[in-house]
Structures are given as C-alpha cells and as structure tokens.
Amino acid sequence: MSQKWNLQDIRPAGQSRPKRRPINTQQKRSRKAPAKTHQINSNPDLEHIPSIQIENGNNKKRKNLIGALAIGASVIGLALFFSSAFGKTELTIYPEFRDPTISAEFTAFPQATDDGLRYEVMTIEETSESQVQASGKIEVEEQASGIVEIKKSTPGAERLIKNTR
C-alpha cells in the first residue's frame, strides 16, 4: 500500500486554508490573452433560476442586538415614568393613646435633698380685661335685684367692697 502524497495535501494542524477571492472575469481577461466572447447566462434553461444574494450574518445579529437593547431600554423607561407619575403613597399614622397609670407614692420636701423631690410654693395672679359691645338697649326704671352666691375654695378671708361689679 504505497500512497504518494502531494505536497498540497499536507497542511499543519490548527491552521486553516487561506480563503480564495473570486476573480472578476474582466480581471481574468486582462491577465490572459483575449478569450472567446460569450454571455454567462446564454443557456435558456438557466434563465428561470433566481439569483442568490449572500448576506453577512454578523451585521444582522448586530442589528437584532441593538433593536433588542432599544426595546428593553424603552420598556424600563416607561415603567419608571409610570411608577413615578402614579405611584404616590400617603402614609397616615394614628398614635395609640393610653392614660398612664402610676401606682407609686412620692414624697416632696420644701428643701432640696439628695434622693427626694423638692417643691416650692408659688402664687400666681391673673387679671384679664375685655371690652364687648352691647347688643341692645332697654330703658328700665327699677333697679336690678337678685341673689348672688360667692364660693371661695382657698383658706383665708376675702374682702368684698360694696357697689362693685
């Protein structure tokens, strides 16, 4: 079994063959001597075959990727717009109120001590005055009469002056 190898059949592993570029028919003619003139599709049987156009697949993938990214960005933008426009929240807090119950006994002293409470007696006086307009006028010839009851809750006497209001 002797097989003769041609040098063109041997190629190193991992390398691919160089791609051949198609040569234009006009370039062939310019390189070689003038050839016979004939039309390429002169055969009437081949005229009904449609021409095939080869597209670069990388450009199509790139266009699809850019389109998908644009659609995704617009969907995210619309979601953010609608959530900011219609997603307002009002929060009302009603605190729970309880009366504190203290069951302890405290003792306060008039002088300050280390561990006790201190108190101070204060006298607060309040006077106020306000002027109001009369709502009507009635002429009466007899004086007013009636009973007035005055109650005082603090100890001590209070002096009342006659003919005061």
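The structure contained in this document is the topic of the report that follows. Fair warning: this is a prediction, and the values are worked out from it, not measured in the lab. (Residues numbered from 1 in each chain as written. Predicted model: local features only at pLDDT ≥ 70, side-chain atom pairs only at ≥ 80, totals over all residues. Heavy atoms only, no water.)

Below, the discussion takes up the overall build of the chain. For the chain, the count of helices and strands is 2 helices and 2 strands. In sequence order, the chain lays out its α and β elements as α-α-β-β. Evaluated residue by residue, the chain yields a buried proportion of 0% over its 165 residues. Of the roughly 19600 Å² that the chain leaves accessible, carbon and sulfur atoms contribute 53%. (Helix = DSSP H or I, 4+ residues; strand = E, 2+ residues; numbered from the N terminus. Buried < 20%, exposed > 50% of the residue type's maximum accessible area, 1.4 Å probe, protein only. Areas by Shrake-Rupley, 256 points an atom, 1.4 Å probe, with all protein chains shown as cover.)

Before going further, it helps to examine the pattern of salt bridges. Considering all chains together, one arrives at 3 salt bridges under this definition. Glu96 is the partner of Arg98 in a salt bridge, and the nearest nitrogen-oxygen pair spans 3.4 Å. In terms of burial, Arg98 and Glu96 fall into one category: exposed. A salt bridge links Glu158 to Lys152; the nearest nitrogen and oxygen atoms lie 3.7 Å apart. Residue Glu158 is classed as exposed on the basis of its relative accessible area of 57%. Judged by relative accessible area, which is 39%, Lys152 ranks as partly exposed. (Salt bridge = Lys/Arg side-chain N within 4 Å of Asp/Glu carboxyl O.)

As a further point, take the packing of aromatic side chains. Summed over the entire model, instances satisfying the criterion amount to 2 aromatic pairs. With a centroid separation of 5.4 Å and an interplanar angle of 65°, the aromatic rings of Phe81 and Phe82 are classed as edge-to-face. With centroids separated by 5.9 Å and ring planes inclined at 15°, the aromatic side chains of Phe82 and Phe86 adopt a geometry described as stacked. In this pair, Phe82 and Phe86 are both assigned in helix α2 (residues 57–86), 4 residues apart and thus about one turn of the helix distant. According to the relative accessible area criterion, Phe86 is exposed, its value standing at 65%. (Phe/Tyr/Trp six-rings, centres within 6.5 Å; stacked < 30°, edge-to-face > 60°.)

Side chains of Leu78, Phe81, Phe82 and Phe86 sit close together on the surface and give an oily, nonpolar patch of about 480 Å² of accessible area. Counting through the fold element by element, Phe81 comes out in helix α2. (Patch = residues over 30% accessible without salt bridge, like charges linked within 9 Å, V, L, I, M, F, W, Y side chains within 5 Å.)

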